[in-house]
Amino acid sequence: MSAIGSRLTDDQAGAIREAVAEAVLTACEQGREGLDDDPDAHLLMVAASSVAAEETSRLLRQSITGARTAGHSWEALGRLLGISRQAAQQRFGGAAVARDGAVAGDGPAQRVLKPLHAFNEMEALAREGLRGWHAVDYGYLFHLVEASPHKWEHRRLWWPSRRRRRLLEEQGWELIVPSDFDSPWAYYKRRLDEPAERGESVGPRS
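These figures come from a predicted structure and were not determined experimentally.

### Focus: the pattern of salt bridges
A side chain of one charge can pair with a side chain of the opposite charge if their charged atoms are brought near each other.
Argument step 1. Inspection of every chain in the model, using the stated rule, returns nine salt bridges.
Argument step 2. The salt bridge involving Glu-75 is made with Arg-79; its shortest N-O contact spans 3.5 Å. Note that Glu-75 and Arg-79 are positioned in helix H4 (residues 74-81) at a spacing of four residues, about one turn of the helix.
Argument step 3. Here Glu-75 falls in the partly exposed class, since its relative accessible area comes to 46%.
Argument step 4. For Glu-123, the salt bridge goes to Arg-127, with nearest N and O atoms at 3.8 Å.

### Focus: helix H6 (residues 121-130)
Argument step 1. Within the span of H6, buried status applies to Glu-121, Ala-124, Leu-125, Arg-127, Glu-128 and Gly-129.
Argument step 2. Those residues of H6 that are buried are in contact with strand S2 (110-113), strand S3 (133-139), strand S4 (142-147), strand S5 (150-158) and strand S7 (185-195).
Argument step 3. Looking one or two places after H6, you find Gly-132, whose phi comes out positive at around 95°.

Reading the values: rules and limits
Residues numbered from 1 in each chain as written. Predicted model: local features only at pLDDT ≥ 70, side-chain atom pairs only at ≥ 80, totals over all residues. Heavy atoms only, no water. Salt bridge = Lys/Arg side-chain N within 4 Å of Asp/Glu carboxyl O. Helix = DSSP H or I, 4+ residues; strand = E, 2+ residues; numbered from the N terminus. Buried < 20%, exposed > 50% of the residue type's maximum accessible area, 1.4 Å probe, protein only. Contact = heavy atoms within 4.5 Å.

Structure below.
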């Protein structure tokens, strides 16, 4: 199906907007009526709307990654988003990801580990770290890892204080900064002075 043919109908777009609005409004116990006589309900709406915006932003980036993996062009995506090809690529662009998770480029080999979640991502990073793969970027349900001849270790922390960040840096830990992703976690990596284990890397275990 072409990008033009993939556009939503007015009814489909309206249904999505209505569903999102309804989900936000349900955060207030009294629903719409609560906004009339409860000032705090308006703050709750702000918080709920913020969560909705964050989640839809993540879904958009994830869907764009999926479309690019499926072979769709930035021009097609730009038309759907109502922006230019250049604007779409600048906002959402990244290395091209093949269906097997490999990432094309002239530098060290890169792979995407997915699907990941809070319960399996650290196991996956620990396993791949022994094989010389270290995280260089991350986002919703994935980590982008890069090959090296050394073993690596990874850590996940609630965003540490400035004092703890300095201590981590003194211990050789490097903060992994995502290209465009808000996360409650801070991810760190540290290179070990040991050669990477040989063997074929595998994806995350469920």
